[in-house]
Amino acid sequence: MPLDDQSAHRYCIACALNRRIPDLSVPENGELWGRPAPDWLPWAMVFPQDGSVPPLARHPSQIYEAALEGLALLALMQAHKLKADDITSVTAHVHQGAIDVLGPVTDPQTIHQSKFSMGFVLALIANLGRASLADFTTDALKEKNLRAFHDKVKMTLDPVVDGAYPKRWFGHVSVVTRDGRTFDQRIESPKGDPDNALTRAELEDKAMRLASYTNGANAAETKKIIARIWALHDEKDVADFLR
């Protein structure tokens, strides 16, 4: 039976990243950690506070919050044909956990800190249309346009978002433009959820970018794996899949 896109998504990412990528370091004030993460997840983190022995690498749910706000900002900018320079302020409506963890990072000076900065994540998305792992660099930290947008961003506690978390995750942003207009955007089904699935083209692009991170696999290797994944139902034997 042919794979549906969601099943192929899981195979695509797992197979493309056939070499372990180093985990991120631990935030000192980590809390609200997520479920245990697979070994290949490049942004997995160890939270000493969870008490697990041996320590488990987990999904950093705090970073996901910034990603959700980024999706909302990108959707808003696309819908109203806005550029980063058109925006004078951005308000991210978040839950308390996001404020506790992301709030202290007001002036990121390292790549690690920039990943925990709501302002910097949104600056990347507003200027580049994305915030992938490869976009968090020392050069990006010095980029004037990114720094300028970073300073436009603030977070505010949203009772609706806070009340729904962690059962539901919302992305909610408001922006004010140079000409005085105000726009609001809310994402209730993040991209990748079953009711907002990635297209095949988006799945392939994601796999290519993740595989290239720290040279996990070259483009030719990844394309070969992706082609086999889409035809997995025709494979007679998958024993040599990652050889």
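Everything quoted here is computed from the prediction, not taken from an experiment.

Caption draft 1: Quick look at the overall build of the chain. Counting secondary structure elements, the chain contains ten helices and six strands. For the chain, with 243 residues in total, the buried portion stands at 43%. Long-range pairs, those at least 24 residues apart, make up 61% of the contacts in the chain between residues at least 6 apart in sequence. Of the accessible surface of the chain, which amounts to about 12,900 Å², a share of 54% is contributed by carbon and sulfur atoms.

Caption draft 2: Geometry of the sheet that holds strand β4 (residues 153-157). Read across the open sheet, the four strands follow the order β4-β3-β5-β6; overall the sheet is mixed. Lying at the two open borders of the sheet, with one neighbouring strand each, are β4 and β6 (182-187). On average, each strand axis in the sheet is tilted by 20° relative to the strand beside it, whichever way the strands run. In this structure, strand β3 (residues 87-94) lies alongside β4, joined through five bridges in parallel fashion. The residue of β4 that forms the bridge with valine 94 is leucine 157. Running at roughly 125° to β4, helix α5 (residues 118-128) makes contact with β3 and β4 of the sheet.

Caption draft 3: Quick look at the nonpolar core. Of all hydrophobic cores here, the largest spans 32 residues; its most connected members are Leu73, Ile87, Val90, Phe149 and Val175. If you list the elements that add at least two residues to this core, you get α2 (61-79), β3, α3 (96-102), α5, α6 (138-142), α7 (144-150), β5 (171-177) and β6. When residues in this core are grouped by element, the largest group, eight residues, is from α5. Filtering out sequence-adjacent residues up to four positions away, valine 90 remains in contact with Leu122, Phe149, Lys152, Val153, Lys154, Val173, Ser174 and Val175.

Caption draft 4: View of the pattern of salt bridges. Counting across every chain of the model gives seven salt bridges. For aspartate 135, the salt bridge identified is with arginine 130, shortest N-O distance 3.0 Å. Across the salt bridge formed by aspartate 179 and arginine 181, the nearest N and O atoms sit 3.1 Å from each other. Exposure remark for aspartate 179: the relative accessible area of 54% places this residue in the exposed category. Shared partners join several salt bridges into a network, and the residues in it are Arg168, Arg186 and Glu188.

Criteria and cut-off values
Residues numbered from 1 in each chain as written. Predicted model: local features only at pLDDT ≥ 70, side-chain atom pairs only at ≥ 80, totals over all residues. Heavy atoms only, no water. Helix = DSSP H or I, 4+ residues; strand = E, 2+ residues; numbered from the N terminus. Buried < 20%, exposed > 50% of the residue type's maximum accessible area, 1.4 Å probe, protein only. Contact = heavy atoms within 4.5 Å. Areas by Shrake-Rupley, 256 points an atom, 1.4 Å probe, with all protein chains shown as cover. Pairing = 2+ DSSP bridges. Axes fitted to C-alpha atoms, helices over the stretch in contact; angles between N-to-C directions. Core = buried A, V, L, I, M, F, W, Y, C linked by side-chain atoms within 4.5 Å. Salt bridge = Lys/Arg side-chain N within 4 Å of Asp/Glu carboxyl O.

By themselves these figures say nothing about function.
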